[in-house]
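Take a look at the letters that make up each chain.
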Amino acid sequence: MDAEVHPDLAKLSFLLGRWKGVGVAGYADVEEFQFGQEIEFSQRAGLPYMAFTSRAWRMTPEGDPGDLVAEESGYWRVRPESDAGERGPGEPVVHLEALIAHPEGFTEVYLGNVFANRVEMSTDAVVHTETGIDATASHRLYGLFGDNRETLGYAWDLAARGHSLRSYMSAQLKRVGQE
């Protein structure tokens, strides 16, 4: 863990930095395609949250970045230990809260858990504008894997446009540059 990391972010510090890679996307009414993606988790000195940005673009047949297909930004924060207790009978401990906004006119509020080098979170609320995509729920996984935990695996399930929760995007990303 970087000495500059806010103590509340210690559990999420494995995500800090810029990640790039490729993945596969598709949905009930969208044909599967390969995409390139860049995700960045950054912190503000002394503040207990991380900024999050993600951009994904369709890969051309030659393997080059093509049209932008998804962009999102938001903030992630870890709940203090005193607030990470049970939500109610039988409900899991919540370690993480995240806000993610999409230019397609919807914002997601996530609650989730952090276990070692893995994050799992599901939407607590989804709000969309009058003309925005009618997303109703999401579930996301982020985790490090590989011999040296050098790869960030990512999967996003989405419920939108009248469809139930189903696979939407997944990718494998490598850290680029310095943290």
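The structure we're discussing is the one just above.
Below or above, wherever it landed, is the structure these notes cover. In this text the structure is predicted, and so the values were computed from the model without any measurement.

1. Regarding the packing of aromatic side chains
Link 1 in the chain: Counted according to the given criterion, the structure contains nine aromatic pairs.
Link 2 in the chain: Between the aromatic rings of Tyr 27 and Tyr 168, the centroid separation amounts to 5.9 Å while the plane-to-plane angle is 90°, which identifies the pairing as edge-to-face. Of this pair, Tyr 27 sits in strand 1 (residues 17-27) while Tyr 168 sits in strand 10 (residues 166-176), placing them 141 residues apart in sequence.
Link 3 in the chain: Centroid distance Tyr 142 to Tyr 154: 5.0 Å. Interplanar angle 35°. Geometry classified as tilted. Taken as a pair, Tyr 142 in strand 8 (residues 137-145) and Tyr 154 in strand 9 (residues 151-159) lie far apart in primary sequence, 12 residues in all.
Link 4 in the chain: By relative accessible area, which is 1% here, Tyr 142 ends up buried.
Link 5 in the chain: Judged by relative accessible area, Tyr 154 falls into the buried class, the value being 3%.
Link 6 in the chain: An aromatic cluster of three or more residues is present, and its members are Phe 41, Phe 52, Trp 76, Tyr 142 and Tyr 154.

2. Looking at the nonpolar core
Link 1 in the chain: Leu 12, Leu 15, Phe 41, Trp 76, Val 119, Met 121 and Tyr 142 are the most contacted members of the largest nonpolar core, which totals 38 residues.
Link 2 in the chain: Look past the residues within four positions of Phe 41 in its chain and what remains in contact with it is Leu 15, Leu 16, Gly 17, Trp 19, Met 50, Ala 51, Phe 52, Trp 76, Tyr 142 and Leu 152.

3. So, the environment of Trp 57
Link 1 in the chain: Within the element layout of this structure, Trp 57 appears in strand 3 (residues 50-59).
Link 2 in the chain: Spatially, the C-alpha atom of Trp 57 lies 6.5 Å from that of Gln 37, the residues being 20 residues apart in sequence.
Link 3 in the chain: With residues near it in sequence (within four places) discarded, Trp 57 still touches Gln 34, Phe 35, Gly 36, Gln 37, Glu 38, Pro 65, Gly 66, Asp 67, Leu 68 and Val 69.

4. Digging into the side chain of Glu 97
Link 1 in the chain: As for its placement among the helices and strands, Glu 97 is situated in strand 5 (residues 96-102).
Link 2 in the chain: Polar side-chain contacts of Glu 97 include one of 2.9 Å to the side chain of Arg 79.
Link 3 in the chain: Setting aside anything within four residues of it in sequence, one finds Glu 97 in contact with Tyr 75, Trp 76, Arg 77, Arg 79, Tyr 110 and Leu 111.

5. What to know about the layout of surface pockets
Link 1 in the chain: What the largest pocket holds in volume is close to 280 Å³.
Link 2 in the chain: Along the wall of the largest pocket there are 19 residues; nearest its centre are Val 69, Glu 104, Ile 133, Arg 161 and Tyr 168.
Link 3 in the chain: When contributions to the lining of the largest pocket are tallied by element, the ones reaching two or more residues are strand 1, strand 2 (30-43), strand 4 (65-78) and strand 9.
Link 4 in the chain: Sorting elements by how many residues they give to the lining of the largest pocket places strand 4 first, with four residues.
Link 5 in the chain: Grouping the constituent residues of the lining of the largest pocket by class yields 12 nonpolar, two polar and five charged.

The rules behind these values
- Residues numbered from 1 in each chain as written.
- Predicted model: local features only at pLDDT ≥ 70, side-chain atom pairs only at ≥ 80, totals over all residues.
- Heavy atoms only, no water.
- Phe/Tyr/Trp six-rings, centres within 6.5 Å; stacked < 30°, edge-to-face > 60°.
- Helix = DSSP H or I, 4+ residues; strand = E, 2+ residues; numbered from the N terminus.
- Buried < 20%, exposed > 50% of the residue type's maximum accessible area, 1.4 Å probe, protein only.
- Core = buried A, V, L, I, M, F, W, Y, C linked by side-chain atoms within 4.5 Å.
- Contact = heavy atoms within 4.5 Å.
- Polar contact = N/O pair within 3.5 Å; in protein donor to acceptor, adjacent residues only side chain to side chain.
- 1 Å grid on protein atoms, 1.4 Å probe; cavity = no way out; pocket = protein on both sides within 12 Å on 5 of 7 lines; lining within 4 Å.
- Points joined across faces, edges and corners; volume = space filled by probe spheres on them.
- Nonpolar A, V, L, I, M, F, W, Y, C, P; charged D, E, K, R; others polar.

Don't take any of this as a statement about function, it's just geometry.
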